[in-house]
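# Structural overview for review
Below are the chains, spelled out letter by letter.
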Amino acid sequence: MTEAILLVGGKGTRLRPLTVNTPKPMVPAAGVPFLTHQLARARAAGVDHIVLATSYLAEVFEPHFGDGSSLGLHLEYVTEDEPLGTGGAIRNVASRLRSGPDDPVLIFNGDILTGLDIEALVATHTSSGADVSLHLTRVDDPRAFGLVPTDETGRVTAFLEKPQTPEEIVTDQINAGAYVFRRSVIDTIPAGRPVSVERETFPDLLASGAHLQGMVDSTYWLDLGTPQAFVRGSADLVQGRAPSPAVPGRCGDRLVLPTATVAPDAKLTDGTVVGEGAVVAEGARISGSTILDGAVIEAGAVITDSLVGVGARIGARTILSGAVIGDGARVGADNELRDGVRIWCDAVLPDASVRFSSDQ
């Protein structure tokens, strides 16, 4: 297998305000755009040609990655004029593929962090003679996902919508968002209109008698669709829980990029990342968080499981827990922002204006 399609066109609405200025796959995780980790893992598995299916803020990708040669890849970019869904995006880039009709084409989503054994998925596809092979993972609570039961040989038997009752939970296997398609199957997807592989392509193929094979790989898997998941994924990359050859440094408790400034007595733990040009002042304590390029964390601030955007500023003694601070925002001193709060890009929050506890 030498080529792949990477779906990076989503708007990332659940990640806003992180995605106001940056497409979701380009938001930094462990010091580099998340997409870098996916490209590096594909290259390590033997892929050398990748077509990126872009849409939202499409103009950002090529200036950063160019032709892909710095990663040992050949990259091409195809932009959708109107969003086409997962299946439509795959079909829209088909003309850029070089594979023969029976060759395997790897397809993966731009928002999944996984330790998937890509070569094993391709081997399963080839040995089973499948038309499409799917990476499946097992989850403790499958109610939020579509279920994919298989028979004893791993052949997919159904695609079930999110279960509404306990009786509908017939398996803990879910679609994990990575596939291998026989090249000729891609050409059967309708062109020029939105198509969902999950809701249309896969069920239609199954109904027509096509062979869909599932491979369960329950190594690390995380959907980075929410800010909390994105921050956790970045920390897991830094700590080595999630594998990637693209982490710019040794795995450990912290990752401080070269031009960042961190006070000697500041404490960084649990996979915290401090981006280029960022400043962390004396007495600050940052745990499991991402501080993006150029952000400033003033003295005594306490930041836990949060993301601070590019060029944002967090005032002295301010507490963030499970918070997302947009690019360029200014959060004054002595604020207390708790789980789920999102401060929009360039917003200004005066000193001591939001608290969840007494100011004494």
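About the thresholds
- Residues numbered from 1 in each chain as written.
- Predicted model: local features only at pLDDT ≥ 70, side-chain atom pairs only at ≥ 80, totals over all residues.
- Heavy atoms only, no water.
- UniProt positions renumbered as here; feature names shortened; annotations may be inferred.
- Helix = DSSP H or I, 4+ residues; strand = E, 2+ residues; numbered from the N terminus.
- Rg over C-alpha atoms; globule rule 2.2 N^0.38 Å.
- Buried < 20%, exposed > 50% of the residue type's maximum accessible area, 1.4 Å probe, protein only.
- Contact = heavy atoms within 4.5 Å.
- Areas by Shrake-Rupley, 256 points an atom, 1.4 Å probe, with all protein chains shown as cover.
- Lys, Arg positive; Asp, Glu negative; His and termini not counted.
- Charge placed at Lys NZ, Arg CZ, Asp CG, Glu CD.
- Pairing = 2+ DSSP bridges.
- Phe/Tyr/Trp six-rings, centres within 6.5 Å; stacked < 30°, edge-to-face > 60°.
- Expected span 1.5 Å × (residues − 1).
- Polar contact = N/O pair within 3.5 Å; in protein donor to acceptor, adjacent residues only side chain to side chain.
- Core = buried A, V, L, I, M, F, W, Y, C linked by side-chain atoms within 4.5 Å.
- Patch = residues over 30% accessible without salt bridge, like charges linked within 9 Å, V, L, I, M, F, W, Y side chains within 5 Å.
- Salt bridge = Lys/Arg side-chain N within 4 Å of Asp/Glu carboxyl O.

- For the protein, an unreviewed UniProt entry supplies the name NDP-sugar synthase and the organism Streptomyces beijiangensis.
- Taken directly from UniProt, the Sequence similarities (unreviewed entry) text for the protein runs: "Belongs to the transferase hexapeptide repeat family."

### Here's the deal with the overall build of the protein
- Along its length, the protein carries seven helices and 28 strands.
- The C-alpha atoms of the protein give a radius of gyration of 22 Å, which matches the 21 Å a tight globule of 360 residues would have.
- In terms of its C-alpha atoms, the protein occupies a principal-axis envelope of roughly 70 × 50 × 35 Å.
- For the protein, with 360 residues in total, the buried portion stands at 55%.
- When contacts within the protein are restricted to residue pairs at least 6 apart in sequence, long-range pairs at least 24 apart make up 52% of them.
- When the accessible surface of the protein is split by element, carbon and sulfur atoms take 49% of a total near 15100 Å².
- Both charge centroids of the protein, one from 29 positive and one from 45 negative side chains, sit 3 Å from each other.

### Observations regarding the sheet that holds strand 14 (residues 267-269)
- Read from one edge to the other, the open sheet built from five strands follows the order 14-17-20-23-26, with strand pairing classed as parallel. With partners counted over all chains shown, the strands left at the sheet margins are strand 14 and strand 26 (336-337), one partner each.
- Two elements, strand 14 and strand 17 (residues 285-287), share three bridges in a ladder whose sense is parallel. For Lys 267, the partnering residue across the bridge sits in strand 17 and is Arg 285.

### Thoughts on the packing of aromatic side chains
- Enumeration according to the criterion identifies six aromatic pairs in this entry.
- Between Tyr 179 and Phe 202 the ring centres are 5.0 Å apart and the planes differ by 75 degrees, which places this aromatic pair in the edge-to-face class. One end of the pair, Tyr 179, is in strand 9 (residues 173-182); the other, Phe 202, is in helix 6 (residues 197-207), and 23 residues separate them in sequence. Comparing Tyr 179 with Phe 202 shows no difference in burial state: the two are buried.
- Residues Phe 181 and Phe 202 carry aromatic rings whose centres are separated by 6.0 Å and whose planes lie at 35 degrees to one another, so their mutual orientation is tilted. Of this pair, Phe 181 sits in strand 9 while Phe 202 sits in helix 6, and the two are 21 residues apart along the sequence.

### What about helix 1 (residues 34-44)?
- Within helix 1, nine of the eleven residues are buried, which leaves the element mostly enclosed by the surrounding structure.
- If you check which residues of helix 1 are buried, you get Phe 34, Leu 35, Thr 36, His 37, Gln 38, Leu 39, Ala 40, Arg 41 and Ala 42.
- The first or second residue beyond helix 1 is Gly 46, which carries a positive phi of 105 degrees.

### Topic: helix 7 (residues 227-239)
- For helix 7, built from 13 residues, the straight-helix expectation of 18 Å at 1.5 Å per residue is met to within 8% by its first-to-last C-alpha distance of 18 Å.
- With respect to burial, helix 7 is a largely interior element, ten of its 13 residues being buried.
- Those residues of helix 7 that sit buried are Pro 227, Ala 229, Phe 230, Val 231, Gly 233, Ser 234, Ala 235, Asp 236, Leu 237 and Val 238.
- At the C-terminal side of helix 7, Gly 240 shows a positive phi close to 85 degrees.

### Description of the environment of Gln 239
- By the secondary structure assignment, Gln 239 is in helix 7.
- The class for Gln 239 is partly exposed, based on a relative accessible area of 23%.
- Between the alpha carbons of Gln 239 and Gly 288 there is a distance of 10.0 Å; along the sequence they are 49 residues apart.
- The contact partners of Gln 239, leaving out residues within four places of it in the chain, are Cys 251, Gly 252, Asp 253, Asp 270 and Gly 271.
- A polar contact of 2.6 Å, which involves the side chain of Gln 239, links it to the side chain of Arg 241.

### Examining the side chain of Asp 236
- With respect to the helices and strands, Asp 236 occurs in helix 7.
- Residue class for Asp 236 comes out buried when judged on its relative accessible area of 7%.
- With residues near it in sequence (within four places) discarded, Asp 236 still touches Tyr 220, Arg 241 and Ala 242.

### A short note on the nonpolar core
- Within the largest apolar cluster, 29 residues are counted, with the highest numbers of intra-cluster contacts made by Ile 5, Ile 107, Leu 134, Phe 181, Ile 186, Phe 202 and Leu 212.
- Once you skip the residues sitting within four places of it in the chain, Phe 181 turns out to touch Asp 103, Pro 104, Val 105, Ile 107, His 125, Asp 131, Val 132, Ile 186, Ile 189 and Phe 202.

### Quick notes on the sheet that holds strand 25 (residues 330-331)
- In space, the six strands of this open sheet follow the order 13-16-19-22-25-28, with parallel pairing throughout. In this open sheet, the two edge strands, each paired with only one partner strand, are strand 13 (261-262) and strand 28 (348-349).
- In terms of strand pairing, strand 25 meets strand 28 through two bridges, oriented parallel. Bridge assignment links Val 331 to a residue of strand 28, and that residue is Leu 349.

### Points about a negative patch on the surface
- Side chains of Asp 253, Asp 270, Asp 305 and Asp 339 sit close together on the surface and give a patch of like negative charge.
- Structurally, Asp 305 can be placed in the loop between strand 20 (302-304) and strand 21 (307-308).
- The exposure class of Asp 305 is partly exposed, given its relative accessible area of 45%.

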